[in-house]
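# Coordinate inspection notes
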Amino acid sequence: MKVLAIVVAAGRGNRAGFGLAKQYVPLSGRPLIAWAIEPFCEHAGIEAVLPVIHADDRSLFSAAVPDHPKLLPATIGGDTRQASVLLGLEAAERSGFDIVLVHDGARPFVTPQIIDRAIDAGRSGAAVPAIPVTDSLINTRGSERLSTIAREDVKAVQTPQAFLYDALLRAHRLAASAGVSCTDDGAVAAHAGLRVEVFEGDAGNMKLTTANDFETAEMRIAGTLGDVRIGNGFDVHAFGEGDHVMLCGVRVPHERGLIGHSDADVGLHALTDAILGALAEGDIGHHFPPSDPQWRGAASHIFLAEAVRRVKARGGIIANLDLTILGEAPKVGPWRDQMRETVGAIAGLGADRIGIKATTTEALGFIGRREGLAAQATATIRLPFVDRTER
Ligand code: CTP
Ligand code: MG
């Protein structure tokens, strides 16, 4: 079963009224669209993720969403959500997907559990997640007498909705040629005569429509990711032969190299340990034993990426990373911004959350004698108080 997730994000976000399309507005420091896409990239049941974006947003999109092996090149959407979904379906038409999940780029809180349910339900042909409505509902159109709609008869529909790929593509083509407009894909499928199953949604899986919804979402994150933890990391490598050092993933020319089993990047090693420390999940040597030949000469971004993955696997986020490099030379200043960008790209964070500083030790000690470099790091992470993830 090959499953594609299409995430539609080609809208303009008029009702949110930010002046910047809402999917690129940060939510707890990370653009909304990144929140919406990542759970699909991280889900083992999803083969690939296809973003559908607005033609004006190409550079916004590439800045907002980190590369991922499952992420396909973005498709350009249409004037309506329905048109955007059809364009996405057509873009991946001959790629052999059996099931397609369609998700709103404006829903940041989709969980692995909803994705599981969607994939399961999609096998039936067409399925939508829905939640009970708890407010009373009235019909305000027409009649003079207030009429109440029986709450038991209705549900609120969410995404991701799931379909057999070919069935949804046919249904969308039919709706487009008939000029029928629908606000979701379940309605498109129903119009084509498909039987649409309803599976359990999640009240937390809200769509952000207004600026107020962003405030609610921020509060939700503050409330659910309230387990704030700090970790520290420290690393030393000795100088040896060489003409450069790797520092924070950046190749910095120097008259000496650093000796180590991997690429000896003291910066990335200290940062990795800081995150692992905040998680209380051991240290870099535990996860990547120096005795294991596969890590010989390894690029250290692998270590940092694994620590970041562990934070995400716990349903958490990294709030900030801070690093001090201790050494007489090379100078860090000229490379600082490139290092912040590089660490940010590995950690999926904006450079504004990455601090990189350097100090000498006033010619004292082994660092002062230019025998090696050291680095110390601090990481702040935020985890859910209730751990819902399986480890
Ligand atoms: N969408 C899309 N293409 C469109 C319109 C909407 O891909 N032409 C996407 C939006 O980007 C969003 C999802 O469909 O992720 C749900 O739409 P909605 O919440 O209405 O977003 P917008 O259309 O951007 O907002 P608004 O209606 O307030 O302008
Ligand atoms: Mg809209």
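These remarks concern the structure in this document. (Residues numbered from 1 in each chain as written. Chains lettered and ligands numbered in written order. Predicted model: local features only at pLDDT ≥ 70, side-chain atom pairs only at ≥ 80, totals over all residues. Heavy atoms only, no water.)

### Quick look at unusual backbone geometry
- Following Thr-159, the chain continues into Pro-160 via a peptide bond in cis, with omega recorded as 10°.
- Here Pro-160 is to be found in the loop between strand S10 (155-157) and strand S11 (161-164).
- Here Ala-329 and Pro-330 are connected by a cis peptide whose omega angle stands at 5°.
- Inspection of the secondary structure puts Pro-330 in the loop between strand S17 (317-326) and helix H11 (336-347).
- Even without being glycine, Ser-28 reaches a positive phi, approximately 45°.
- Given the relative accessible area of 17%, Ser-28 is considered buried.
- Even without glycine at this site, Ala-363 takes up a positive phi of about 65°.
- Considering the arrangement of structural elements, one finds Ala-363 in the loop between strand S18 (354-359) and helix H12 (365-368). (Helix = DSSP H or I, 4+ residues; strand = E, 2+ residues; numbered from the N terminus. Buried < 20%, exposed > 50% of the residue type's maximum accessible area, 1.4 Å probe, protein only.)

### Description of a nonpolar patch on the surface
- Together, Phe-18, Leu-20 and Leu-60 line one region of the surface with nonpolar side chains, adding up to about 210 Å² of accessible area.
- The partly exposed category is assigned to Phe-18, whose relative accessible area is 35%. (Patch = residues over 30% accessible without salt bridge, like charges linked within 9 Å, V, L, I, M, F, W, Y side chains within 5 Å. Areas by Shrake-Rupley, 256 points an atom, 1.4 Å probe, with all protein chains shown as cover. Salt bridge = Lys/Arg side-chain N within 4 Å of Asp/Glu carboxyl O.)

### Here we look at the pairing of strand S13 (residues 227-240)
- Relative to strand S19 (residues 372-383), S13 runs antiparallel, the two sharing twelve bridges. Paired with Gly-231 across the bridge in S19 is Ala-379.
- Across two bridges, the pairing between S13 and strand S16 (residues 257-258) is antiparallel. Directly across from Phe-239, in S16, lies its bridge partner Leu-258. (Pairing = 2+ DSSP bridges.)

### What to know about the side chain of Lys-70
- Mapped onto the elements of the fold, Lys-70 is located in the loop between helix H2 (58-64) and strand S5 (75-76).
- Notably, Lys-70 is buried but unbridged: the nearest opposite-charge side chain belongs to Glu-42, and the N-O separation is 7.0 Å. (Lys, Arg positive; Asp, Glu negative; His and termini not counted.)

### Quick notes on the environment of Glu-215
- Relative to the elements of secondary structure, Glu-215 occurs in helix H7 (residues 211-224).
- On the basis of relative accessibility, which here comes to 52%, the residue Glu-215 falls in the exposed class.
- Here the alpha-carbon distance between Glu-215 and Pro-293, two residues 78 residues apart in the chain, equals 49 Å.

### A few points about the environment of Ser-291
- Among the structural elements, Ser-291 can be located in the loop between helix H9 (284-287) and helix H10 (301-313).
- For the pair Ser-291 and His-261, spaced 30 residues apart in the sequence, the C-alpha separation amounts to 8.9 Å.

### Notes on the site of ligand 1
- Around ligand 1, 19 residues are found, and the nearest of them are Val-8, Gly-13, Asn-14, Ser-84 and Lys-207.
- Asp-79 has a polar backbone atom sitting 3.2 Å from a nitrogen atom of ligand 1.
- Interatomic distance of 2.7 Å between a side-chain N/O atom of Ser-84 and a nitrogen atom of ligand 1.
- Here ligand 1 loses 88% of its free accessible area of 560 Å² to cover by the protein chains. (Near = heavy atom within 4 Å. Polar contact = N/O pair within 3.5 Å; in protein donor to acceptor, adjacent residues only side chain to side chain.)

### Some words on the sheet that holds S18
- Taken in spatial order, the five strands of this open sheet run S16-S13-S19-S17-S18, and their pairing is mixed. Strands with a single pairing partner mark the edges of an open sheet, and in this sheet they are S16 and S18.
- Contacts from H11 reach S17 and S18 within the one sheet, and its direction differs from that of S18 by about 140°. (Contact = heavy atoms within 4.5 Å. Axes fitted to C-alpha atoms, helices over the stretch in contact; angles between N-to-C directions.)

### Some words on helix H3 (residues 81-91)
- Every buried residue belonging to H3 is among Gln-82, Ser-84, Val-85, Leu-86, Gly-88 and Leu-89, and all of these are buried.
- Of the surrounding secondary structure, the elements contacted by the buried residues of H3 are strand S1 (3-9), strand S4 (48-53), S5, strand S6 (99-104), helix H5 (165-178) and helix H6 (185-191).

### Focus on H5
- A rise of 1.5 Å per residue sets the reference length of H5, with its 14 residues, at 20 Å; its end C-alpha atoms lie 20 Å apart and thus fit the reference within 8%.
- Burial in H5 covers these residues: Tyr-165, Ala-167, Leu-168, Leu-169, Ala-171, His-172 and Ala-175.
- In this structure, the buried residues of H5 make contact with S1, H3, S6, S11 and H6.
- Immediately downstream of H5, the backbone of Gly-179 shows phi near 70°, a positive value. (Expected span 1.5 Å × (residues − 1).)

### Considerations on the nonpolar core
- If you look at the biggest cluster of nonpolar residues, it comprises 38 residues, and the most contacted ones within it are Leu-247, Ile-275, Leu-321, Leu-323, Met-339, Val-343 and Ile-356.
- For this core, the secondary-structure elements that each account for two or more residues are strand S14 (244-247), strand S15 (250-253), helix H8 (266-279), H10, S17, H11, S18 and S19.
- Among the elements that line this core, the one with the most residues is H8, at nine residues.
- Residues Val-65, Val-110, Ala-127 and Ala-162 belong to the second largest nonpolar core, which totals 28 residues. (Core = buried A, V, L, I, M, F, W, Y, C linked by side-chain atoms within 4.5 Å.)

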